[in-house]
Amino acid sequence: RELWLSQLDESPRARKGMERKPLRLERTKGSEILFGVAPCSLALSQARRDLFRLFLKQSSSRRPVMSEFVLQATARGLPVLHVQRRELDELCRGQVHQGVCLEATPLRFKSLEDAETPGLGGEASGDRQVIWLVLEQIQDPMNLGALLRSAYFLGVDRVVTSHRNSCPLTPTVSKASAGAMEVFDVYSTDDLQSFLKAKTAEGWEVVGTASKPEDVEDIPVVSCLEFQWDKPLIVVIGNEGEGLSLETQLLCHRMLAIPPGRALHPGIDSLNVSVATGILLHSICSQKRRHGD
């Protein structure tokens, strides 16, 4: 009787403790957790990563998109685990996973030497309408993801990032890029200034960006609305806090500025770096599309 009473007393508390504690899912060594519908779907279809397990929210199995995930995973021979939402929350550390997580190897930056190989990205000598986006020390993963999304959508041929003090290609970057990171190669260089000098010697034009044109000295500043280009082009973007380094600015042939639509109050006189880049790229790449018509 005492044993029965003790079990009656302890069992609810034990069950309550078990309910509160999420299931511990052991990660494969060297893996990371992608989250969100677009990144996981594109990672499954592109086969650029090694994949280990797909995790789906239990109650969402009737959603058509989840059925598609099961089909994709089955075709790849990938185990599918149906787990509770709290397990997904723990896997991606509380990020917005939309009911799906994917365990996979990380994506790495590609070597810039690969980008120099003829035939990659239409850099033939006769193709004058080539545009590369170069990112100097972009550290915020949300900004990097948004930049990749815009570059992919608007038709940028290559994205190159400085290796030092730059954000790696994390699952957060992939989610912020709406999965563009899964289909769009990103290159990296240890010596950004030497890379820009080499491209200039090859006949490319290098343009930087200036949020405050009055602070730029000895380099022509032109509105993005008036900018014209007729040779292979590199657009260099600096980080949101400090902009381009002085060493990089001095390698630019021109600086681009976005004209504001009104007199601006101090403190709100600039744009988010990814928004500004989207505006600049649209203005530049629209010329590329017109010339291609």
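For clarity, every value in this text was computed on a predicted model and none was experimentally measured.

A.B. asks: Run through unusual backbone geometry, naming residues and quoting values.
C.D. replies: Phi is positive for Arg-93, close to 55 degrees, though the residue is something other than glycine. Note that Arg-93 resides in the loop between α4 (85-91) and β4 (100-104). Phi is positive for Ala-178, close to 55 degrees, though the residue is something other than glycine.

A.B. asks: Outline helix α6 (residues 141-154), listing residues and values.
C.D. replies: Along its 14 residues, α6 runs 20 Å from first to last C-alpha, staying within 8% of the 20 Å computed at 1.5 Å per residue. The set of residues buried in α6 consists of Asn-143, Leu-144, Gly-145, Leu-147, Leu-148, Ser-150, Ala-151 and Leu-154. Looking at where α6 begins, the residue whose side-chain oxygen comes 2.7 Å from the main-chain nitrogen of Met-142 is Asp-140. Remark: Gly-155 follows α6 within two positions and exhibits a positive phi of approximately 100 degrees.

A.B. asks: Tell me about helix α2 (residues 37-46), residues and numbers included.
C.D. replies: Turning to α2, its buried residues number three or more, namely Val-37, Pro-39, Cys-40, Ala-43 and Leu-44. The inward-facing, buried residues of α2 contact β1 (32-35), β2 (51-57), α3 (64-76), β4 and α7 (171-176). Following α2 by one or two positions, Ala-47 has its phi on the positive side, about 60 degrees.

A.B. asks: Outline the environment of Leu-42, supporting the account with residue identities and numerical values.
C.D. replies: Tracing the chain through its elements places Leu-42 in helix α2. C-alpha separation for the pair Leu-42 and Ala-180, spaced 138 residues apart in sequence, amounts to 8.3 Å. Other than its neighbours up to four places away in sequence, Leu-42 contacts Ala-178, Gly-179, Glu-182 and Val-183.

A.B. asks: Please provide a residue-by-residue account of a nonpolar patch on the surface, values included.
C.D. replies: A cluster of nonpolar residues, Leu-271, Val-275 and Ile-279, forms a patch on the protein surface that exposes about 230 Å² of accessible area. In this fold, Leu-271 is placed in the loop between β12 (254-257) and α10 (273-292). We classify Leu-271 as partly exposed; its relative accessible area is 42%.

A.B. asks: Help me get a handle on the side chain of Ser-274, residues and values and all.
C.D. replies: As for its position among the elements, Ser-274 is in helix α10. Of note is the side chain of Ser-274, whose polar atom sits 2.4 Å from the side chain of Asn-272.

A.B. asks: Report on the nonpolar core, specifying residues and quantitative values.
C.D. replies: Nonpolar side chains in soluble globular proteins generally cluster together in the buried interior. If you look at the biggest cluster of nonpolar residues, it comprises 32 residues, and the most contacted ones within it are Leu-133 and Val-159. Every element with two or more residues in this core is listed here: β6 (131-135), α6, β11 (233-237) and α10. Excluding anything up to four places from it in sequence, Val-159 contacts Leu-133, Leu-135, Leu-148, Ala-151, Phe-184, Asp-185, Val-186 and Tyr-187. Counting 19 residues, the second-largest nonpolar core is a separate cluster that includes Val-134, Leu-196, Val-206 and Ile-234.

A.B. asks: Help me get a handle on the sheet that holds strand β10 (residues 221-223), residues and values and all.
C.D. replies: Reading across from one edge, β5-β8-β7-β6-β11-β9-β12-β10 is the order of the eight strands in this open sheet, with parallel pairing throughout. Two strands in the sheet have a free side with no partner beyond their single neighbour: β5 (110-111) and β10. Sheet topology note: the β6/β11 ladder contains five bridges and is parallel. Of the residues in β11, the one forming a bridge with Val-134 is Val-236.

A.B. asks: Mind laying out the environment of Leu-147, listing which residues take part and the relevant values?
C.D. replies: Mapped onto the elements, Leu-147 comes out in helix α6. Between the C-alpha atom of Leu-147 and that of Ala-176, which follows or precedes it by 29 residues, the distance is 9.0 Å.

A.B. asks: Any chance you could break down the pattern of salt bridges for me, citing the residues and the numbers?
C.D. replies: Taken as a whole and judged by the stated rule, the model has eight salt bridges. The shortest N-O distance in the salt bridge between Asp-185 and Arg-48 comes to 2.6 Å. With a gap of 137 residues between them, Asp-185 in the loop between α7 and β8 (186-189) and Arg-48 in the loop between α2 and β2 connect regions that are remote in the sequence. Between Glu-87 and Arg-86 there is a salt bridge, with its nearest N and O atoms 3.5 Å apart. When its relative accessible area of 5% is taken as the criterion, Glu-87 is described as buried. Judged by relative accessible area, which is 31%, Arg-86 ranks as partly exposed. Shared partners join several salt bridges into a network, and the residues in it are Glu-32, Arg-49 and Glu-182.

A.B. asks: Can you break down the confidence of the model for the chain residue by residue, with the values?
C.D. replies: On average, residues of the chain score 85 in pLDDT, and 83% of them are at 70 or above. Taken together, the stretch residues 3-20 has pLDDT below 50 and engages in four contacts with residues farther than four places along the chain or on a different chain. A low-confidence stretch, residues 118-122 (pLDDT under 50), is modelled with eight contacts involving residues beyond four sequence positions or located in other chains.

About the cut-offs
Residues numbered from 1 in each chain as written. Predicted model: local features only at pLDDT ≥ 70, side-chain atom pairs only at ≥ 80, totals over all residues. Heavy atoms only, no water. Helix = DSSP H or I, 4+ residues; strand = E, 2+ residues; numbered from the N terminus. Expected span 1.5 Å × (residues − 1). Buried < 20%, exposed > 50% of the residue type's maximum accessible area, 1.4 Å probe, protein only. Polar contact = N/O pair within 3.5 Å; in protein donor to acceptor, adjacent residues only side chain to side chain. Contact = heavy atoms within 4.5 Å. Patch = residues over 30% accessible without salt bridge, like charges linked within 9 Å, V, L, I, M, F, W, Y side chains within 5 Å. Areas by Shrake-Rupley, 256 points an atom, 1.4 Å probe, with all protein chains shown as cover. Salt bridge = Lys/Arg side-chain N within 4 Å of Asp/Glu carboxyl O. Core = buried A, V, L, I, M, F, W, Y, C linked by side-chain atoms within 4.5 Å. Pairing = 2+ DSSP bridges. pLDDT = per-residue confidence, 0-100.

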